[in-house]
Structures are given as C-alpha cells and as structure tokens.
Amino acid sequence: MKKSSILHPPSSISKTPTKVGVFDSGAGGLTVVKSLLEHNLFEEIIYYGDTARVPYGPKDPVTITRYALEALEFFRNFDIDLMITACNSVSAHALPDLRANADFDIYGVIEPGILALKNADLPKSSRILILGTKATIGSGRYQKGIRELGFDSIEAIAPSLFVPIVEEGLFDGAVLRSTLAHYFNTIEQPDAIILGCTHFPLIANAIRDYFPNHPLLIHSGEAIAEHLEDNGCKPRKNGTTNLKIFASENPEGLKKIAEKWL
Ligand code: DGL
C-alpha cells in the first residue's frame, strides 16, 4: 500500500503512462483535462464524471470515499496506467483508500497545488486564501500543507455558490459579481489564491480581478500537469490525445459541456 503525507506524494511514476483515467464528481474535472491536453502528456484520457451524484462538496468523507472507490472499479475496465482524481473533494478524503486498492499510481490535485505554491517562492509573510468546497476546506489538507511550507497568514473559505454559478455558465455579469462580493467582502487582500475546486478556474479572471492587487492564482489542472512532468511524465512532441468521456448520468450532456470548455 502506498501512503503519502501531504508534501510527499508518490515520488516518481512507476511506468511511463500512456493511458490515464481522470475522475471527477461531474463536469468540473474537465478544467484539469484541459491542462493535461495542453501539456500533451498522454495518448489517451478516459474521463469519468459522476454526474448522477454531483456535487460531492457538501457530502461527508465516508460517502465521498465510497463513491471514489466505485469510480476505481469503473477504471478497472480500461487498463489505465495512472489515475488522477481531478476533484479536490475526492483528493482531500479518498486518496489513501484509493491507493490501497489500486495497482496503478493515483495522483490527487491537493499535493500538486501546495507544491505549485511552494515553487512560486512567495515571501512567507504572504497572505494565502484557499477556496474550495466544504469537504475540501473541512479536511484541512490545504491548510496543513501550506502551514508546513512556513506560511501562517492563511484563510480558507467554501464559496459554495460558485459551483452552480459556473454550471449555469455565468462566467461574468451581475450574479457572479454580487456572489464574489458576498464571499470576499470581509477578506483581506490575499497575495495568492488556491483555486481548490475544479470549477473555479472557469471564473479565475473574475476572482483575480475582484482584488485590486491581482493575486497569484494556483490552478489544480496546471499544478497536476507540472507535477506529473516533474515526476517523469514527459510531454509528447506530437500526436493528439484520444479523449473518451463517460458519465454516470447523461454522458451526452457531459460531452456537450466538454465541447464548450475544452
Ligand atoms: N469537483 C468538486 C471539487 O473539485 C466540485 C464540485 C462538487 O462539489 O462535486 O471539489
């Protein structure tokens, strides 16, 4: 069984991966797929969104872990080399159980996000704002890892309304603006923001522009793609990626979202 603490994820990938399984609670993990496609790391991506049971963010850790283990069973049909849990809520709670039950490497997005902040080399006095679902923020995993880096000005909030707003495609406009103000009006200007939820990269510009100092944003998709490269996953020089999309409900709807977002 491979068990890792926050800043010590599996150190290197045991086999050059060509086929990767990406798991998310629904459509949001497509933001991670977008980064993986841009980095051209894999020949084939099998995406599975648990659209029948999204959102995972308000659910308890036992339920999230049970759903994640069911997704692991789904991926056993595809002979994948590597699995990525694009969902922060799953990454926060289910990784030890997933890793204990899989015979391929499994990466979450939280360790890579923390390492991306480390690599940004900000002064330790920097103010860090973590945004995530209730499940992610409640796990304290980002907070713990970021404190271990030496930052102590950390604020963590769960702006739950961002998820349905993104699902509605409200990437700008009055509803988004007033929701940003609702969650951020008591927050001191951060120097960096962890976008600790699959959906938040889609409103990244609005989040950054809310604060006059335009804080640095850490994006899970970019963080995991860079982390995989650092751990032996080489970008391919040419060739496109074969992306196959599956869902526990309405796969056609998910494919339509993929056409729009990717
Ligand atoms: N994918 C989830 C995450 O990144 C957000 C949506 C949900 O609550 O399921 O935590």
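Scroll up for the structure.
Residues numbered from 1 in each chain as written. Predicted model: local features only at pLDDT ≥ 70, side-chain atom pairs only at ≥ 80, totals over all residues. Heavy atoms only, no water.

**Focus on unusual backbone geometry**
Line of reasoning, step 1. Of note, the amide linkage connecting V54 to P55 takes the cis form, showing an omega dihedral of 5°.
Line of reasoning, step 2. With respect to the helices, strands and loops of the structure, P55 is situated in the loop between β2 (44–49) and α2 (61–75).
Line of reasoning, step 3. For N40, which is not a glycine, the phi torsion comes out positive at approximately 50°.
Line of reasoning, step 4. The topology assignment puts N40 in the loop between α1 (30–39) and β2.
Line of reasoning, step 5. The class for N40 is buried, based on a relative accessible area of 13%.
Line of reasoning, step 6. Positive phi values are uncommon outside glycine, yet D121 reaches one of about 60°.
Line of reasoning, step 7. Within the secondary structure, D121 sits in the loop between α5 (110–119) and β5 (127–132). (Helix = DSSP H or I, 4+ residues; strand = E, 2+ residues; numbered from the N terminus. Buried < 20%, exposed > 50% of the residue type's maximum accessible area, 1.4 Å probe, protein only.)

**Points about the packing of aromatic side chains**
For any pair of aromatic rings, the description rests on two quantities: the centre-to-centre distance and the angle between the ring planes.
Line of reasoning, step 1. Applying the stated criterion to the full structure yields 15 aromatic pairs.
Line of reasoning, step 2. With a centroid separation of 5.4 Å and an interplanar angle of 85°, the aromatic rings of F162 and Y183 are classed as edge-to-face. With F162 in helix α8 (residues 162–167) and Y183 in helix α9 (residues 174–184), the pair connects residues that are 21 residues apart, well separated along the chain.
Line of reasoning, step 3. Ring pairs connect the aromatic residues F23, Y48, Y56, Y67, F74, F75, F78 and F246, which therefore count as one cluster.
Line of reasoning, step 4. In this structure, R53 is placed above the aromatic ring of Y67, and the distance from its NZ or CZ to the ring centre is 3.6 Å.
Line of reasoning, step 5. The ring of F151 carries K124 above its face, with NZ or CZ at 4.8 Å from the centroid. (Phe/Tyr/Trp six-rings, centres within 6.5 Å; stacked < 30°, edge-to-face > 60°. Lys NZ or Arg CZ within 6 Å of the ring centre and 35° of its normal.)

**Digging into the site of the ligand**
Line of reasoning, step 1. Not every one of the 13 residues close to the ligand is listed here, only the nearest: S25, Y56, G57, S89 and T198.
Line of reasoning, step 2. Here a nitrogen atom of the ligand and a side-chain polar atom of D24 are 2.9 Å apart.
Line of reasoning, step 3. One of the backbone nitrogen or oxygen atoms of Y56 is found 2.7 Å away from an oxygen atom of the ligand.
Line of reasoning, step 4. Summarising the interface, the protein chains cover 99% of the accessible area of the ligand, which totals 300 Å² for the free molecule. (Near = heavy atom within 4 Å. Polar contact = N/O pair within 3.5 Å; in protein donor to acceptor, adjacent residues only side chain to side chain. Areas by Shrake-Rupley, 256 points an atom, 1.4 Å probe, with all protein chains shown as cover.)

**A look at the pairing of strand β8 (residues 216–219)**
Line of reasoning, step 1. Pairing of strand β7 (residues 192–196) with β8 involves four bridges; the strand directions are parallel. Bridging across to β8, A192 finds its partner in L216.
Line of reasoning, step 2. Between the parallel elements β7 and β8, the chain passes through helix α10 (residues 204–210) in a crossover that is right-handed. (Pairing = 2+ DSSP bridges. Right-handed = clockwise from strand over helix to strand, strands pointing away.)

**Let's talk about the side chain of H199**
Line of reasoning, step 1. For H199, the position within the fold is in the loop between β7 and α10.
Line of reasoning, step 2. For H199, the side chain forms a polar contact with the side chain of T198, separated by 3.1 Å.

**Overview of the pairing of β5**
Line of reasoning, step 1. Buried residues dominate β5, accounting for five of its six residues.
Line of reasoning, step 2. In this sheet, strand β6 (residues 153–157) lies alongside β5 in parallel orientation, the contact comprising five bridges. Within β6, the position partnered with I130 by the bridge is A156.
Line of reasoning, step 3. Two elements, β5 and β7, share five bridges in a ladder whose sense is parallel. Across the sheet, the residue bridging to G132 is G196, located in β7.

**A few points about the side chain of T51**
Line of reasoning, step 1. Looking at the element boundaries, T51 is found in the loop between β2 and α2.
Line of reasoning, step 2. Owing to a relative accessible area of 19%, T51 belongs among the buried residues under this scheme.
Line of reasoning, step 3. If we ignore the near neighbours within four places in the chain, the residues touching T51 are S25, G26, A247, S248, E249 and L254. (Contact = heavy atoms within 4.5 Å.)

**Observations regarding α9**
Line of reasoning, step 1. When α9 is considered as a whole, its buried residues turn out to be L176, T179, L180, Y183 and F184. The arc that holds every buried residue of α9, seen down its axis, measures 115°, which confines them to one face. Away from its buried face, by an angle of more than 90 degrees, α9 presents the exposed residues A174, R177 and H182. (Arc of directions from axis to C-beta.)

**Thoughts on the environment of E155**
Line of reasoning, step 1. Note that E155 resides in strand β6.
Line of reasoning, step 2. Overall, E155 belongs to the partly exposed group, its relative accessible area being 33%.
Line of reasoning, step 3. In sequence terms E155 and I193 are 38 residues apart; their C-alpha atoms lie 9.6 Å from each other.

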